[in-house]
Amino acid sequence: MRRRSLVAAAAAATATALAVSGCGVLGAGEEAADLQVYSARHYDLEEAFTEFTDETGISVEFLYGDDAELLERLKAEGDDTPADVYMTVDAGNLWNAARQDELAPIDSAALDEAVPEDLRDPEGRWYGLALRARTVVYNPDAVDPAELDTADTYAGLTDPKWKGRLCMRDATEAYTQSLVASLIDLHGEERAREIVDGWVANDVEIMSNDVLLLEAIDSGACDVGIANHYYLARLLEEDPDLNVDLFWASQDGAGTHANISGAGVVAGSDNSEQAQKLIEWVATDGQSAFVDGNHEFPVNPAAEPEPLIAEFGEFKRMPINAEAYGERNAAAIDLLAEAGYE
Amino acid sequence: MTQPAVLPDPTGVPARARRASRMAGAGRPAWSLLVVVIAVLVATPVVAVVLDAFAGSRGITLPRGIGEMVLTTVALMFGVGLGTLVIGGGLAWLVTAYRFPLRTVLVWLLVLPLAMPAYILGFVFLSTFDVSGPVQGALRSAFGDGVRVPEVRSLGGAVVVMSLTLYPYVYLMARAAFAEQAPGTYDAARTLGASRARAFWKVLLPLARPSLAAGLALVMMETLTDFATVQYFGVKTVSVGVYLVWKGSWDFESASQLSALVLMFAVAVLAGERLARGRARYHQKGGRGQGLEAVRLTGWRAWAATAATLAVLGGGFAIPVLRLLAWAVGDLVADPASLVDPRFADYLVNSTVVATLAALACVVLSLAMGHSLRLGGGAVVRWAAQATTFGYAVPGAVIGIGVLLAFAALDGALEALGVPGGTGLLVTGSVAGILYAYVVRFLAPAYQAVDAGFAKVSPSMTLSAMSLGASPRRILTRVHLPLVRPSVAVALVLVMIDAVKELPIVLLLRPFGFTTVSVWVYELASENFWERAALPALVIVALAVVPVFFLFGQVRSSDAGHRRRVER
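Owing to the predicted nature of the structure, the values given are computational and were not obtained by experimental measurement.

Just to check I follow, could you spell out the overall build of chain A for this structure?
From N to C terminus, chain A includes 14 helices and 11 strands. Along the first, second and third principal axes, the C-alpha atoms of chain A reach 80 × 60 × 40 Å. When burial is assessed residue by residue, chain A has 57% of its 342 residues classed as buried. The contacts of chain A with a sequence gap of at least 6 include a subset with a gap of at least 24, amounting to 77%. Summed over all atoms, the accessible surface of chain A reaches about 13,300 Å², with 47% contributed by carbon and sulfur. Distance between charge centres in chain A, computed from 22 positive and 68 negative side chains, equals 8 Å.

So this is what it looks like as structure tokens:
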């Protein structure tokens, strides 16, 4: 009996301690920051924004998550939401958040000047802030870049000479879907289907992420593939001898497929003025701090890309039509499924 | 366990149990009500999502290729079910019936694969065995580029990997059954001249069937709700379909309609489990037996047993851990400062606190339910108790959104009633939402374990206590709790491990500034910083090993008791 009450007392003490420490780590006693950001972009944001806080005196807090989940959370929280800024990757996601009325339009001459027209919402509900290119990569021991089609490099990979030499990402990956959505937008559904069928006919090897894909090309398991430029930059930073080269796709045609990370002011924000200030800062003074760490391209033409990706050379990008990326994504998924692309 | 064990079945209702429930009348209203309240609370988020999905006027839309997704899901579940049954059941038999080198350590090491989160596993396995990995690289350099290897990224690959990591559910339950449930009956069979093999197949295995079924049900539900491993292996299950529709078509309504389909699979699994349990009406009475005598294996057989066990452990635990270690060391050499990240301690405390609270809550509720069922109460109470286990079959993200929806509705209702501000930011402003969602999701493993414990307690014990005038509360603390204590330990461990690994719920519902170790891994892994993610991933594994170690204490003490009996 005594032993049992001892156990009970210990359990009660532990529970109390847990509850108390639970409150401590909750941040309930801490002072909240001026701005709260929901972000589906996770790359070391705190570091980039210390500069913003230093310059403006506005403190920022981040909550990282998955884009679709964060959006559902915004919807459920409604006017109670603590979030002021919603930041996410992929133009389709931005378009969808705006469509669902979760973003408030802002009127900013600074942003209109800093962000090219195709990288922002016509109504000012979201703005692209960093640019990523999805282009062709190859093993220089196995491929002469002259073999690649310069007019439509993505479609060129359907040529039978690439049979058994091609590596790409899976159909569940947003990168793949957005590329195919842009091909549908560009060429129409029929031609896009021919291209995807052509990749499948070439026995495309499906890789489960971009790093694995680049390593496969480096090791010679594949000769050519499609990847985001910053993954290559990241691997080259670690190992300058990596046996993978970048080819800017479709330079004599529509240009290389690109996508954005971007942000908008949350409709339920109670601090939209400072939220707008934050987005303006990222698009102007904060461009390098925001994009360089992840080797992305600045959206603002006035900012220079960091040296490592500057070495990839200038390139022409396919204009981004966020609405098309958003609306055609479902069609892209169906098309990939029907083509037997895994 | 030496007390006579009877397996009363809540749905089949054998004569004894019927008598028991007549004696107990309609149960105790307060306790019965408690079960119903728990069931309603647990079902609310799931119901909220389903209502949200079908309330729209658009009708039902199913994605293209749904038939194939269903077939793939069935194939995967069958494969993983068979794999875990063979590996988990086989190993449980091996360590119970035989003695071989390293057995005493391996007995508990075999639980470790449970500690490995699914969202790490897929990448680690593919980066090791796929075309760009070191294994195929070595093969290519040894045999030339033409060397053909079976496709790793495939249904078969997924079945192997998931079987190697999920078998501990079956192993744990089967081991407990072999070691504790059956000694007397086994002895009787042997005395009557049955060979060891015959006694195993004809006596032990049927007796262990409810436990095997319970473990298998957990495996199936884990398989069903997995998004991460299947995506890595390119296996398009219905859950991947949910993900595609939700993230790719931005159509949450259709996605939740599809997750209702996932729920139907779960209903089938649980019905199957009840069926498997329901037919098992082997009453074991009287007598403490010596039980299964563990035969000492000698020579090559002994080493073969050790090697087989190590091979399973190597695949499910050692390979991923070593790979992670290699990355972590590489990263630390490159950047030693990352080891002393000040946020580290915070994350660790957060993970531990939430997992502990969730485990305690789940176990208390499971005990209350098991106890109430024992007091009687009829079909409604039995069904209510069963309904609480469905949460495990719903993907974490869906439960999280269900919690959001339920609280949003409550908030709106309160505001409509004139409460200023409604609930405010209760769900996402504190850990309350996370804990609630954890209980919804993890009540199943806790209840499965506790329920299996109650199954071994003879109703006559409860009835004796009742007829001697003990109050329900006294019966709980003085009779039931002491008898099911080993199962309570198992329940605590299972929930703690699951909660430490859990990602989608905490990611969705956490308040600002609240980061757990699993979120930390996710932030790095989602950006493909695998080398930096390796260290926190190992921390999760280490955190999960702690409860496993406690469980080992349980296993060892039951082993020791077993040995004492044998040696006497």
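What is the right way to look at helix H2 (residues 29–55) of chain B in this model?
Since the α-helix turns once every 3.6 residues, residues separated by three or four places project in the same direction. Largest kink in H2 of chain B: about 40°, centred on threonine 44 of chain B, with the proline proline 45 of chain B one to four residues after it. Those residues of H2 of chain B not exposed but buried are Trp31, Ser32, Val35, Ile38, Ala39, Val42, Pro45, Val46, Ala48, Val49 and Ala53 of chain B.

Would you explain the state of the cysteines in this entry?
A covalent bond between the sulfur atoms of two cysteines is referred to as a disulfide. All names here are of chain A. For the coordinates displayed, the defined rule picks out one disulfide over all chains. The side chain of cysteine 167 participates in a disulfide bridge whose partner is cysteine 222; the two sulfur atoms lie 1.7 Å from each other. One end of the pair, cysteine 167, is in strand S6 (residues 166–169); the other, cysteine 222, is in the loop between helix H9 (210–219) and strand S8 (224–228), and 55 residues separate them in sequence. Given a relative accessible area of 0%, cysteine 167 falls into the buried group. Residue classification places cysteine 222 among the buried residues on the basis of a relative accessible area of 3%.

Which parts of the structure should I look at to understand the packing of aromatic side chains?
Within a pair of aromatic rings, the relevant descriptors are the distance that separates the centres and the angle that separates the planes. If you walk through the whole model with that rule in mind, you get 29 aromatic pairs over all chains. Residues phenylalanine 49 of chain A and phenylalanine 52 of chain A carry aromatic rings whose centres are separated by 6.3 Å and whose planes lie at 80° to one another, so their mutual orientation is edge-to-face. One end of the pair, phenylalanine 49 of chain A, and the other, phenylalanine 52 of chain A, are both in helix H2 (residues 45–56), three residues apart, so they sit about a helical turn from each other. For the pair tryptophan 93 of chain B and phenylalanine 200 of chain B, a centre-to-centre distance of 3.9 Å together with 40° between the ring planes defines the contact as tilted. Taken together, the residues span a long stretch of sequence, with tryptophan 93 of chain B in helix H3 (residues 66–97) and phenylalanine 200 of chain B in helix H9 (residues 196–225) at a distance of 107 residues.

I keep staring at the interface of chain B and chain A and nothing clicks. Help me out?
In many reports, interface size means the accessible area that the parts give up when they come together. Across the contact, 58 residues belong to chain B and 65 residues belong to chain A. Roughly 5,100 Å² of surface becomes buried between chain B and chain A when both sides are summed, with 56% attributable to carbon and sulfur atoms. Taken together, the connections running from chain B to chain A amount to two salt bridges. Of the charged contacts, one joins glutamate 69 of chain A and lysine 247 of chain B as a salt bridge, the two residues approaching to 2.8 Å between their closest N and O atoms. Inspection of the chain B/chain A interface yields 17 residue pairs in polar contact (both at pLDDT 80 or more). Taken together, the elements giving at least two residues each to the side of chain B that touches chain A come down to helix H5 (118–129), helix H10 (228–232), helix H11 (238–248), helix H14 (343–374), helix H16 (396–416), helix H21 (504–509), helix H22 (517–525) and helix H23 (530–567) of chain B. Residue composition of the side of chain B that touches chain A, by class: 28 nonpolar, 14 polar and 16 charged.

So what exactly am I meant to see when it comes to the packing of H5 of chain B against helix H6 (residues 134–143) of chain B here?
The description of two packed helices rests on the angle between their axes and on the distance between the axes. Residue and element names in this part refer to chain B. Taken N-terminus to C-terminus, the directions of H5 and H6 make an angle of 10°; their axes are 4 Å apart at the nearest point. As judged from the angle between their axes, H5 and H6 are roughly parallel. From H5, Ser127, Thr128 and Phe129 reach across to H6, where they touch Pro134, Val135 and Gln136. By residue class, the composition of the contact of H5 with H6 is three nonpolar, three polar and no charged.

Any chance you could explain the packing of helix H7 (residues 174–187) of chain A against helix H14 (residues 322–338) of chain A here in plain terms?
Residue and element names in this part refer to chain A. Following both chains from N to C, one finds H7 and H14 inclined at 105°, their axes separated by 7 Å at the closest point. Taken together, the axes of H7 and H14 lie roughly perpendicular to each other. Along its contact with H7, which presents Thr176, Gln177, Ser178, Val180, Ala181, Ser182, Ile184 and Asp185, the element H14 presents Ala324, Tyr325, Arg328, Asn329, Ala331, Ala332, Ile333, Leu335 and Leu336. Class assignment of the residues belonging to the contact of H7 with H14 gives a composition of 10 nonpolar, five polar and two charged.

Teacher, can you tell me more about a negative patch on the surface here?
On the surface, a cluster of negative charge is contributed by Glu215, Glu237, Glu238, Asp239 and Asp241 of chain A together with Glu531 of chain B. Relative to the assigned elements, glutamate 238 of chain A resides in helix H10 (residues 229–238).

How do you make sense of a nonpolar patch on the surface when you look at a structure like this?
A cluster of nonpolar residues, Leu322, Leu325, Val329 and Val333 of chain B, forms a patch on the protein surface that exposes about 380 Å² of accessible area. Within the secondary structure, valine 329 of chain B is located in helix H13 (residues 299–334).

Could you clarify how one ought to interpret unusual backbone geometry in this entry?
Where the residue is not glycine, phi is negative for most of them; where a peptide bond is considered, it is trans in most cases. Residue and element names in this part refer to chain A. In the Ramachandran plot, aspartate 101 falls in the positive-phi region, its phi being about 60° despite a non-glycine side chain. In this structure, aspartate 101 sits in the loop between helix H4 (91–99) and strand S4 (103–104). Aspartate 101 gets classed as exposed once you look at its relative accessible area, which sits at 58%. Phi is positive for serine 250, which is not a glycine, with a value near 55°. Tracing the backbone through its elements, the reader meets serine 250 in the loop between strand S9 (245–247) and strand S10 (257–266). Judged by relative accessible area, which is 3%, serine 250 ranks as buried.

Cut-offs applied
- Residues numbered from 1 in each chain as written.
- Chains lettered and ligands numbered in written order.
- Predicted model: local features only at pLDDT ≥ 70, side-chain atom pairs only at ≥ 80, totals over all residues.
- Heavy atoms only, no water.
- Helix = DSSP H or I, 4+ residues; strand = E, 2+ residues; numbered from the N terminus.
- Buried < 20%, exposed > 50% of the residue type's maximum accessible area, 1.4 Å probe, protein only.
- Contact = heavy atoms within 4.5 Å.
- Areas by Shrake-Rupley, 256 points an atom, 1.4 Å probe, with all protein chains shown as cover.
- Lys, Arg positive; Asp, Glu negative; His and termini not counted.
- Charge placed at Lys NZ, Arg CZ, Asp CG, Glu CD.
- Bend = angle between axes of the 7 residues up to and from the residue.
- Disulfide = S-S within 2.5 Å.
- Phe/Tyr/Trp six-rings, centres within 6.5 Å; stacked < 30°, edge-to-face > 60°.
- Buried area = accessible area lost by both parts, 1.4 Å probe.
- Salt bridge = Lys/Arg side-chain N within 4 Å of Asp/Glu carboxyl O.
- Polar contact = N/O pair within 3.5 Å; in protein donor to acceptor, adjacent residues only side chain to side chain.
- Nonpolar A, V, L, I, M, F, W, Y, C, P; charged D, E, K, R; others polar.
- Axes fitted to C-alpha atoms, helices over the stretch in contact; angles between N-to-C directions.
- Parallel < 35°, antiparallel > 145°, perpendicular 65-115°, else oblique.
- Patch = residues over 30% accessible without salt bridge, like charges linked within 9 Å, V, L, I, M, F, W, Y side chains within 5 Å.

Honestly, it's all geometry; don't read function into it.
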